[in-house]
Amino acid sequence: MIFSVLSVLAAALLVVVDQLIKRWAVLVLQPAGAITLLPGIVELRYYLNDGMAFSMLAGKQTLLIGMTSIMLVCVLLLLLLRKMGAWERVAWTLILGGGIGNLIDRILNGVVVDYINLLFMNFAVFNVADICITCGVALLVLWILYDSYKNDRAEKLARLQDEKVDGTD
């Protein structure tokens, strides 16, 4: 139970950090347009996204708010009710924090404030919440692959042991 509470508190901290940075982006970047961080590599650029990743479902705020809310309730319940390892817990915590951060923007403003622009490649402008979600999903995929590998290996070892016991080398 303590890990569940810590996960929710960590997600809340991610939301606070995300919202503070977005507030700064509105106050500083909106009037400035863009600030170069690393020339030719990264700039901070004020951008409003009314869709989800890569502006998919742009203008469908009710749908996005509904889908996101349902998904986040499921993630919260998962964190509170399911026993899981540390890496899986970190992954779901990142997804929850990032998801809530962007959901707040959608509910309050109808759009998500993005501000990190990679200049060295043609990529969507994004924010800290997006980074949390992406890292959480990547960790989750790695955990699932590792867990699957570990289970497959355990099954193979069990079969080998069974074959040795049966005398069918």
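Refer to the structure above for everything that follows.
Residues numbered from 1 in each chain as written. Predicted model: local features only at pLDDT ≥ 70, side-chain atom pairs only at ≥ 80, totals over all residues. Heavy atoms only, no water.

1. Quick word on the sheet that holds strand 2 (residues 42–49)
In sheet architecture, strand pairing relies on hydrogen bonds along the backbone and comes in two forms, parallel and antiparallel. Reading across from one edge, 1-2-3 is the order of the three strands in this open sheet, with antiparallel pairing throughout. On the outer flanks of this sheet lie strand 1 (34–38) and strand 3 (112–118), each paired with one strand and no other. The mean inter-strand angle of the sheet, taken between neighbouring strand axes irrespective of direction, is 35 degrees. (Pairing = 2+ DSSP bridges. Helix = DSSP H or I, 4+ residues; strand = E, 2+ residues; numbered from the N terminus. Axes fitted to C-alpha atoms, helices over the stretch in contact; angles between N-to-C directions.)

2. Some points on the nonpolar core
When a protein is soluble and globular, its nonpolar side chains tend to lie buried together. Counting residues in each nonpolar core, the largest one holds 13 residues, and the members touching the most others are Ala25, Leu29, Leu44, Val113, Tyr115 and Ile116. Of all elements in the fold, only helix 1 (2–32), strand 2, strand 3 and helix 4 (128–166) reach the threshold of two or more residues within this core. Ranked by residue count, the leading element in this core is strand 3, at four residues. For valine 113, the residues in contact, after removing those within four places along its chain, are Lys22, Ala25, Val26, Tyr46, Tyr47, Leu48, Asp105 and Asn127. Formed by 11 residues, the second largest nonpolar core is a distinct cluster that contains Val75, Ala91, Trp92 and Leu140. (Core = buried A, V, L, I, M, F, W, Y, C linked by side-chain atoms within 4.5 Å. Buried < 20%, exposed > 50% of the residue type's maximum accessible area, 1.4 Å probe, protein only. Contact = heavy atoms within 4.5 Å.)

Don't take any of this as a statement about function, it's just geometry.
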